[in-house]
Structure formats: structure tokens, C-alpha cells
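Structure assessment
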Amino acid sequence: MQTEKQTGSIKPSPPKWLHVKIYFIQKGMSEKDAEDFFLFHKKANWKTKRGRPITRWKAVANEWIWDCKQLRKQKYNSRFSFFNRNGRPRQQTYLSRFS
């Protein structure tokens, strides 16, 4: 049988900076990404957009990491958009883009 203490809600505690840094590095991200994540959520008092406390910070961190990777992928792809899917230049030449 569970006592009342065991069935009660868990009071979330914010993660320590070192734990966030290590987690991001393990996921292949930079320390700057970890710092951005940590400071953003610290400023928001570790609450969601709806004002609920963040109880699973690693799940939130995984979303942040995924978003960072998607933004970098878009930025990378936009630089080389003058190539088609086969890696060949499109009809428009490279130099004509800047004329």
C-alpha cells in the first residue's frame, strides 16, 4: 500500500547548470546551446508557456535540441539552395544570383 506521501505530487526542482551542460554535451550540442536553454528557462522560473512547472526538464531539453538542429538544417540548406536535389546547379547560375 502507498502512503499519502508516496501518492502526492512531486515538487519539481530546477536542474543545476552543470547537469544541463553535461546533458547537452552528451547530445552533441554546444555549451552555448546549453547556456541559452538554461537562462531562458531560468528567466521563466522553469515554467511552461501555460504557467505550469516543468517537471521533466530533459524532455523539454530534447525539444530545444531538436528545434536547434532543425533551425541549423534550414539555415544550411538555404545557403546552398542554388543546387537541385541531385547536387547540380539549377538553371539559374551561381553568379547571376548576385547580379
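Details of the structure are given in the entry above.
What comes next is a walk through the structure. (Residues numbered from 1 in each chain as written. Predicted model: local features only at pLDDT ≥ 70, side-chain atom pairs only at ≥ 80, totals over all residues. Heavy atoms only, no water.)

Another aspect to go through is the nonpolar core. General note: in soluble globular proteins, nonpolar side chains tend to be found buried as a group. Residues Val-20, Tyr-23, Phe-24, Phe-37, Trp-46, Trp-57 and Ala-61 are the most contacted members of the largest nonpolar core, which totals 13 residues. At four residues, the largest contribution of residues to this core is made by helix H4 (residues 57–79). Ignoring anything within four residues of it in the chain, the contact list for Val-20 reads Pro-15, Ala-34, Phe-37, Phe-38 and Trp-57. (Core = buried A, V, L, I, M, F, W, Y, C linked by side-chain atoms within 4.5 Å. Buried < 20%, exposed > 50% of the residue type's maximum accessible area, 1.4 Å probe, protein only. Helix = DSSP H or I, 4+ residues; strand = E, 2+ residues; numbered from the N terminus. Contact = heavy atoms within 4.5 Å.)

Attention now moves to the environment of Thr-55. Tracing the chain through its elements places Thr-55 in the loop between helix H3 (31–43) and H4. A relative accessible area of 58% places Thr-55 in the exposed class. A C-alpha to C-alpha distance of 5.0 Å links Thr-55 and Pro-12, two positions 43 residues apart in sequence.

For H3, with 13 residues, the first-to-last C-alpha span of 18 Å sits near the 18 Å given by 1.5 Å per residue. Positive backbone phi, approximately 55°, marks Asn-45, located one or two places after H3. (Expected span 1.5 Å × (residues − 1).)

Here the focus is the packing of aromatic side chains. Applying the stated criterion across every chain, the model contains seven aromatic pairs. Ring geometry for Phe-24 against Phe-37: centres 5.3 Å apart, planes inclined by 40°, an arrangement best described as tilted. Here Phe-37 lies in helix H3 and Phe-24 lies in helix H2 (residues 17–26), a separation of 13 residues in the sequence. Taking the relative accessible area as the measure of exposure, Phe-37 reaches 0% and is therefore buried. Note on Phe-37 and Trp-64: the rings are 5.5 Å apart at their centroids and 75° apart in plane angle, and the pair reads as edge-to-face. Here Phe-37 is found in helix H3, whereas its partner Trp-64 is found in helix H4, with 27 residues between them in sequence. In this structure an aromatic cluster arises from ring pairing among Trp-17, Phe-24, Phe-37, Phe-38, Phe-40, Trp-46 and Trp-64. (Phe/Tyr/Trp six-rings, centres within 6.5 Å; stacked < 30°, edge-to-face > 60°.)

The subject of this paragraph is unusual backbone geometry. If you check the backbone angles, Asn-45 has positive phi at about 55° while not being a glycine. The backbone of Trp-46 sits at a positive phi, close to 55°, despite the residue not being glycine. With respect to the helices and strands, the residue Trp-46 is situated in the loop between H3 and H4.

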